[in-house]
Amino acid sequence: MTEKTVLRAGTETDLHALETLYRAAFPDEDLVPLVRRLLREHDGVLSLVAVSGEDIAGHVIFTRCSVEPGGHTVALLGPLCAAPSAQKRGIGSRLVRAGLERMDAWQAVMVLVLGDPGYYSRFGFLPLCPILPPYAIPDDWVPAWQYLDLDGSKAPRTGRLTVPPPWQDPTLWSE
């Protein structure tokens, strides 16, 4: 990663570049419709981009959600990507850490992710998330459903994740 890579809030003008970025980073998975829907949500979505020169080299989204019963605020991390040419340079890690630092503003008690345990464990995410996802996930994805407790005294220990409309597509939670 070069010193010239800077992180900033994502804007609507980034959409075309983000579509290109996600197609390159995930050629076998179409995350573009989800990214578009999330970026249209003006409340409860944190979009961060990593910019290197004129190019967007990485992107992450955190979505504010809740856990029922109780209504505790949690965040759902994802999607996250780095340009293929920028992978293994710490861009994804910088984006995740920058997003986690902003979770106090949401008063989130936990961050949840459905992703590679080997990758997300470096940030302190733990397997066997006690919060149920909004839809059943395949058995082989269970280890990928992880959580990071931000405030042990307030974090819910059971319940179901309630997600905003962009995440209410059951196919996002299945193979």
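Before any of the text, the structure's been laid out above.
To keep things clear, this report deals only with the structure shown in the data block. (Residues numbered from 1 in each chain as written. Predicted model: local features only at pLDDT ≥ 70, side-chain atom pairs only at ≥ 80, totals over all residues. Heavy atoms only, no water.)

## Thoughts on the overall build of the chain
Logical step 1: For the chain, the helix and strand inventory stands at five helices and seven strands.
Logical step 2: Helices and strands appear in the chain in the N-to-C order β-α-α-β-β-β-α-α-β-α-β-β.
Logical step 3: A compact globule built from 175 residues would reach a C-alpha radius of gyration of about 16 Å, and the chain, at 15 Å, matches this within 12%.
Logical step 4: When its C-alpha atoms are laid out on the principal axes, the chain stretches across 45 × 30 × 30 Å.
Logical step 5: Expressed as a percentage of its 175 residues, the buried residues of the chain come to 48%.
Logical step 6: Total accessible area on the chain stands at roughly 9,100 Å², and carbon and sulfur atoms take up 52% of it. (Helix = DSSP H or I, 4+ residues; strand = E, 2+ residues; numbered from the N terminus. Rg over C-alpha atoms; globule rule 2.2 N^0.38 Å. Buried < 20%, exposed > 50% of the residue type's maximum accessible area, 1.4 Å probe, protein only. Areas by Shrake-Rupley, 256 points an atom, 1.4 Å probe, with all protein chains shown as cover.)

## Examining the environment of H59
Logical step 1: Secondary-structure assignment places H59 in strand β3 (residues 55-68).
Logical step 2: Look at H59 and you get buried, because its relative accessible area is 0%.
Logical step 3: Separated by 52 residues in sequence, H59 and L7 have C-alpha atoms that sit 9.2 Å apart.
Logical step 4: In terms of polar contacts, H59 uses its side chain to reach the side chain of Y22, at 2.8 Å. (Polar contact = N/O pair within 3.5 Å; in protein donor to acceptor, adjacent residues only side chain to side chain.)

## Some points on the state of the cysteines
Logical step 1: Scanning the entire structure with this criterion turns up zero disulfides.
Logical step 2: Free cysteine C65: the closest other cysteine sulfur is in C129, separated by 12 Å.
Logical step 3: Residue class for C65 comes out buried when judged on its relative accessible area of 6%. (Disulfide = S-S within 2.5 Å.)

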